[in-house]
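One letter stands for each residue in the lines below.
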Amino acid sequence: MNNQGIMARYREYLPVTDKTPELSLQEGNTPLLRGDQLSEEYELDVYFKVEGFNPTGSFKDRGMVVAIAKAAEEGSQAVMCASTGNTSASAAAYAARLGLRCVVVVPDQNIALGKLSQALVYGAEVLAVRGNFDQALEIVRNLTERYPFTLVNSVNPYRIEGQKTAAFEVCDQLGTAPDILAIPVGNAGNITAYWKGFVEYHQAGKSDRLPKMVGFEAEGAAAIVRGERVKEPETVATAIRIGNPASWDSAVKAAEESQGRIDSVTDEEILEAYLEIARREGIFAEPASAASWAGVKKMRKQGLIPAGSRVVCVLTGNGLKDPGTAIDAAAAEPKVLDCDESVILEAIMGAEEV
Ligand code: F0G
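Calculation criteria
- Residues numbered from 1 in each chain as written.
- Predicted model: local features only at pLDDT ≥ 70, side-chain atom pairs only at ≥ 80, totals over all residues.
- Heavy atoms only, no water.
- UniProt positions renumbered as here; feature names shortened; annotations may be inferred.
- Helix = DSSP H or I, 4+ residues; strand = E, 2+ residues; numbered from the N terminus.
- Contact = heavy atoms within 4.5 Å.
- Polar contact = N/O pair within 3.5 Å; in protein donor to acceptor, adjacent residues only side chain to side chain.
- Buried < 20%, exposed > 50% of the residue type's maximum accessible area, 1.4 Å probe, protein only.
- Near = heavy atom within 4 Å.
- Areas by Shrake-Rupley, 256 points an atom, 1.4 Å probe, with all protein chains shown as cover.
- Nonpolar A, V, L, I, M, F, W, Y, C, P; charged D, E, K, R; others polar.

An unreviewed UniProt entry lists the protein chain under the name Threonine synthase, from Marinithermofilum abyssi. Quoted verbatim from the Catalytic activity (unreviewed entry) field of UniProt, the annotation for the protein chain is "O-phospho-L-homoserine + H2O = L-threonine + phosphate". Comment text from UniProt for the protein chain, heading Cofactor (unreviewed entry), reads "pyridoxal 5'-phosphate".

Asker: Can you lay out the environment of threonine 17 for me, pointing to particular residues and giving the numbers?
Answerer: Examined against the element boundaries, threonine 17 turns out to sit in the loop between helix H1 (6–9) and strand E1 (32–34). Expressed as a C-alpha distance, the spacing of threonine 17 and serine 247, which sit 230 residues apart in the sequence, is 26 Å. The residues touching threonine 17, leaving out its near neighbours within four places in the chain, are Arg11, Lys70 and Glu73. At a separation of 3.0 Å, a polar atom in the side chain of threonine 17 contacts the main-chain amide nitrogen of lysine 19. A polar atom in the side chain of threonine 17 sits 3.0 Å from the side chain of glutamate 73.

Asker: Please give an account of the side chain of serine 258 that cites residues and values.
Answerer: As for its position among the elements, serine 258 is in the loop between helix H11 (248–257) and strand E9 (261–265). Serine 258 sits in the buried class, given a relative accessible area of 6%. Separated by 3.3 Å, the side chain of serine 258 and the backbone oxygen of alanine 255 make a polar contact. Among residues more than four places away in sequence, those in contact with serine 258 are Trp195, Pro211, Lys212 and Met213.

Asker: Go over the site of the ligand with me, naming the residues and quoting the values.
Answerer: Close contacts around the ligand come from 19 residues, with Ser83, Asn86, Asn187, Ala188 and Thr316 the closest. For the ligand, an oxygen atom lies 2.8 Å from a polar atom in the side chain of asparagine 86. Protein contacts shield 99% of the accessible area of the ligand, which totals 470 Å² for the unbound molecule. For the shell around the ligand, the secondary structure elements donating two or more residues are helix H4 (86–98) and helix H9 (189–203). Looking at the shell around the ligand, its residues break down into seven nonpolar, 10 polar and two charged.

So, in structure tokens, the structure goes:
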């Protein structure tokens, strides 16, 4: 049954009816990879839930497939969202598949190139505004209340329903929930969705425990940690450059009920974790995704995670989405050489050895 999308695989847990259109780009069923080197180094049992394997390269596809199918079921002709990039790419793809009009509002200059190119190629109407995500979301919320566009941001409950299937998969892949589930926090929909999924699966007898939920904001956008809205959020992790998370309360609730926490990580910590995941484990995730591993490292150093804990870090998006940050962070440039065997030999062996 692996070649199905999440609506078919987890139908009994989702608000799918006989009238819901069949919709899938084969989202979900993403790898849970063990980080062998990092587990050994940090004395943990670390796994990465690699959501970049989804059809548009991020976890958004799980929620978007349900939101768009339900919009079509309810007779909607058009969908709309504000986005730091991934939501817009995902909405554009699923809307295209059902022939719906799709309007996305993104912060001009603060969206990664891969995400922008996706929305454009899938045929969405892309409006890049001189403002940030929070301002765009407020406008989109107002407009979708007054005009016949369906809002497909994560304040749409169908998004949360779809995204909770990632927690189901983690339990299915491990046989139960992990000790700790670490996740980046931006608009705070995904931490809300995972917690809902873990609780439902536990209640259904599919896992014998609940994880501690630990969520990490970028320090320059850490509204929940600071306890107040950040008017001008700033971080290298543009996906989570959000200063007024829409699901703030439910994120706090997830952390409290699970005896976890919401903390923040600096851009430096994010980029260090980003390179470490790539260079030690061979997984290329986008910068925002690395906030989960950065946060786990921070808590481990602080003595807040006992040795041997089983930790799942959610890697929310594919590294290819943001080539600009990738090339800057790698701090390495290709050597440009003459196409000549001896020149190449010299480059790899050093001049003396040749
Ligand atoms: N990681 C990535 C790669 C994201 O794109 C997002 C959110 C998050 C983490 C945070 O998830 O908002 O549920 O707490 N991206 C949204 C977007 C805001 O518009 O693509 P969250």
